[in-house]
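Listed here are the chains, written in short residue letters.
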Amino acid sequence: TNVVASLGTALTEEQGKLVRKYSDKVVLSYDSDGAGQNAILKGLEVLSNLGMEGQVLQMEGAKDPDEYILKNGIDAYKDSIKHSITLFDFKMTYLKQNKKSKIVL
């Protein structure tokens, strides 16, 4: 129902605190490139540290949410939100794809 843009490469603690006033569950949807994936990791940690539930929307065949919606439509985007994954699942997938990475589970 509600959408917020962090306007940058990562969600800050201050932004997380503002969002927490309205919801305790957040689905992150960042670009699919390396910077976007790193921003997801940082954002999920911020949310977790604030006691919020963070999940990740994974988009197939698009570099960012805008491109995904233009290609597939808003209904497909909304449907993909229902299939967002947890912090743990995202970290496991990230580690499989980036075997040299060092992140804490």
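Structure shown above.
Let's talk about the nonpolar core
- Of all hydrophobic cores here, the largest spans 17 residues; its most connected members are L28, Y30, I40, L44, L47, V56 and F90.
- For this core, the secondary structure elements donating two or more residues are β1 (25-28), α2 (34-49) and α5 (87-97).
- Looking at this core element by element, the count peaks at six residues for α2.
- What L47 contacts, discounting residues up to four positions off in sequence, is L11, V26, L28, M52 and G54.
- Formed by five residues, the second largest nonpolar core is a distinct cluster that contains L57, M59, Y68 and Y77.

A few points about the pattern of salt bridges
- The full count for this structure, using the stated rule, is four salt bridges.
- Salt-bridge contacts for E45 lead to K91; the nearest nitrogen and oxygen are separated by 2.6 Å. Here the residue E45 occupies a position in helix α2, and K91 occupies one in helix α5, the gap between them amounting to 46 residues.
- Exposure remark for E45: the relative accessible area of 29% places this residue in the partly exposed category.
- Its salt-bridge partner being E67, residue K71 comes within 3.2 Å of it at the nearest N-O pair. Pair noted here: K71 and E67 are both in helix α3 (residues 65-72), with a separation of four residues, about one helical turn.
- With relative accessibility at 52%, the residue K71 sits in the exposed group.
- Residue classification places E67 among the partly exposed positions, given a relative accessible area of 23%.
- Put simply, K63, E67 and K71 are held in one network by salt bridges that share partners.

Some words on the side chain of D64
- Within the fold, D64 resides in the loop between β2 (53-56) and α3.
- Although buried, D64 forms no salt bridge, and the nearest oppositely charged side chain, K63, lies 4.4 Å from it.
- Only 3.3 Å separates the side chain of D64 from the backbone nitrogen of D66, close enough to count as a polar contact.
- Looking at D64, its side chain comes within polar contact range of the main-chain nitrogen of E67, at 2.7 Å.
- Ignoring anything within four residues of it in the chain, the contact list for D64 reads D31 and M59.

Topic: the sheet that holds β1
- Spatially, three strands are ordered β1-β2-β3 in an open sheet, and the strand pairing comes out mixed. Looking at which strands have only one partner, the edges of the open sheet turn out to be β1 and β3 (85-86).
- When β2 meets β3, the two strands line up antiparallel, connected through two bridges. Directly across from Q55, in β3, lies its bridge partner T86.

Calculation notes
- Residues numbered from 1 in each chain as written.
- Predicted model: local features only at pLDDT ≥ 70, side-chain atom pairs only at ≥ 80, totals over all residues.
- Heavy atoms only, no water.
- Core = buried A, V, L, I, M, F, W, Y, C linked by side-chain atoms within 4.5 Å.
- Buried < 20%, exposed > 50% of the residue type's maximum accessible area, 1.4 Å probe, protein only.
- Helix = DSSP H or I, 4+ residues; strand = E, 2+ residues; numbered from the N terminus.
- Contact = heavy atoms within 4.5 Å.
- Salt bridge = Lys/Arg side-chain N within 4 Å of Asp/Glu carboxyl O.
- Lys, Arg positive; Asp, Glu negative; His and termini not counted.
- Polar contact = N/O pair within 3.5 Å; in protein donor to acceptor, adjacent residues only side chain to side chain.
- Pairing = 2+ DSSP bridges.

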